[in-house]
Amino acid sequence: MLIAPSILAADFSNLGAALAAIGNADEVHLDVMDGHFVPNLTFGPPLIASLRKHTELPFDAHLMVTNAETCFQDYIRAGVTRLTFHVEAVSHLDSLIHATKSAGIEVGIALNPTTPLTVLEQVLPMLDLVLLMSVNPGFGGQKFIPYVMDKIARLRRIIDDLDAATRPRISVDGGVTAANIAEISRAGADMVVAGSAVFGAPEGCSHAIRHLKQLCAA
Ligand code: DX5
Ligand code: ZN
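Bear in mind the structure is a predicted one, so any value in this text is a computation, not a measurement.

A. View of the coordination of the zinc ion (ligand 2). The protein atoms that coordinate the zinc ion (ligand 2) are His29 (NE2), Asp31 (OD), His62 (ND1) and Asp173 (OD), at distances spanning 2.0 to 2.3 Å. Read from N- to C-terminus, the donor residues coordinating the zinc ion (ligand 2) fall into the pattern H-x1-D-x30-H-x110-D. Of this pair, His62 sits in strand β3 (residues 59-64) while Asp173 sits in strand β7 (residues 169-173), and the two are 111 residues apart along the sequence. Asp173 shares its class with His62; the two are buried.

Right, here's the structure in full:
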């Protein structure tokens with residue numbers, strides 16, 4: 001299981017230290033919120049560009065914004081490894097995927113909890129990642145929505161039917177904890193985003209990351 005800590009749950013006054021604390025993670029999850037697509041506001045390209053100098057880990061920018069089609073180049077210039085777009089916020093998905101990939105950047109597509117998997121039908125083989133939201137996006141520390149577990153399993157079956165070379169990873173975002181990560185893994189996720197479960201762990205971030213991985217290996 002790959003672990004992508006979300007710095008949304010870190011101390012914003014000390015993000016350099018937050019990155020140093022998650023050196024054993026697989027990538028960094030950057031929750032970009034615009035106050036329109038979601039009710040919360042976080043950060044954008046300048047902050048991501050600053051963070052880029054503090055770690056070698058890949059960066060995934062989860063764009064919870066209404067204007068991804070006009071601003072995605074700014075995130076590429078800031079140094080992201082992958083851009084994850086919300087299907088609910090993009091009008092011309094095919095164009096956006098191609099423009100992003102032509103820039104040499106990986107593409108992920110995020111689905112809100114109630115958005116059906118059928119929206120992925122045409123684009124699935126073009127993607128590097130599908131991000132299944134297991135909370136309503138906007139805030140960290142929410143509870144995992146139980147019906148998403150079955151959605152993970154259904155997406156796993158659909159992806160396993162694709163050619164091996166075109167299979168995107170499945171990542172699950174929201175409410176992931178030590179209590180549910182094993183079940184999420186069994187349902188077929190390759191990666192989880194974890195905010196509170198990493199940055200809120202009393203035993204420290206790197207221990208929490210190791211523990212979450214162990215729970216899936218068991
Ligand atoms: C929710 C964000 C998530 C969130 C995860 O809108 O996309 O990445 O920060 O935080 P936890 O793990 O605390 O649910
Ligand atoms: Zn996220």
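B. Structural detail: the pairing of strand β5 (residues 106-111). For β5, a buried count of five out of six residues is recorded, marking the element as mostly surrounded by other parts of the structure. Note on the crossover from strand β4 (residues 82-86) through helix α4 (residues 93-102) to β5: the handedness is right-handed. Here four bridges tie β5 to strand β6 (residues 129-133), and the two strands are oriented parallel to one another. The residue of β6 that forms the bridge with Ala110 is Leu131.

C. Seen up close, the site of ligand 1. Of all residues adjacent to ligand 1, which total 20 residues, the nearest are Asp31, Gly138, Asp173, Gly195 and Ser196. Gly195 is positioned with one of its backbone polar atoms (N or O) 2.8 Å from an oxygen atom of ligand 1. Separating an oxygen atom of ligand 1 from a side-chain N or O atom of Ser196 is a distance of 2.3 Å. The fraction of the free accessible surface of ligand 1 (380 Å²) that becomes covered by protein chains is 99%.

Analysis parameters
- Residues numbered from 1 in each chain as written.
- Chains lettered and ligands numbered in written order.
- Predicted model: local features only at pLDDT ≥ 70, side-chain atom pairs only at ≥ 80, totals over all residues.
- Heavy atoms only, no water.
- Donors = N, O, S within 2.8 Å, 3.2 Å for Na, K, Ca; no water.
- Helix = DSSP H or I, 4+ residues; strand = E, 2+ residues; numbered from the N terminus.
- Buried < 20%, exposed > 50% of the residue type's maximum accessible area, 1.4 Å probe, protein only.
- Right-handed = clockwise from strand over helix to strand, strands pointing away.
- Pairing = 2+ DSSP bridges.
- Near = heavy atom within 4 Å.
- Polar contact = N/O pair within 3.5 Å; in protein donor to acceptor, adjacent residues only side chain to side chain.
- Areas by Shrake-Rupley, 256 points an atom, 1.4 Å probe, with all protein chains shown as cover.

Honestly, it's all geometry; don't read function into it.
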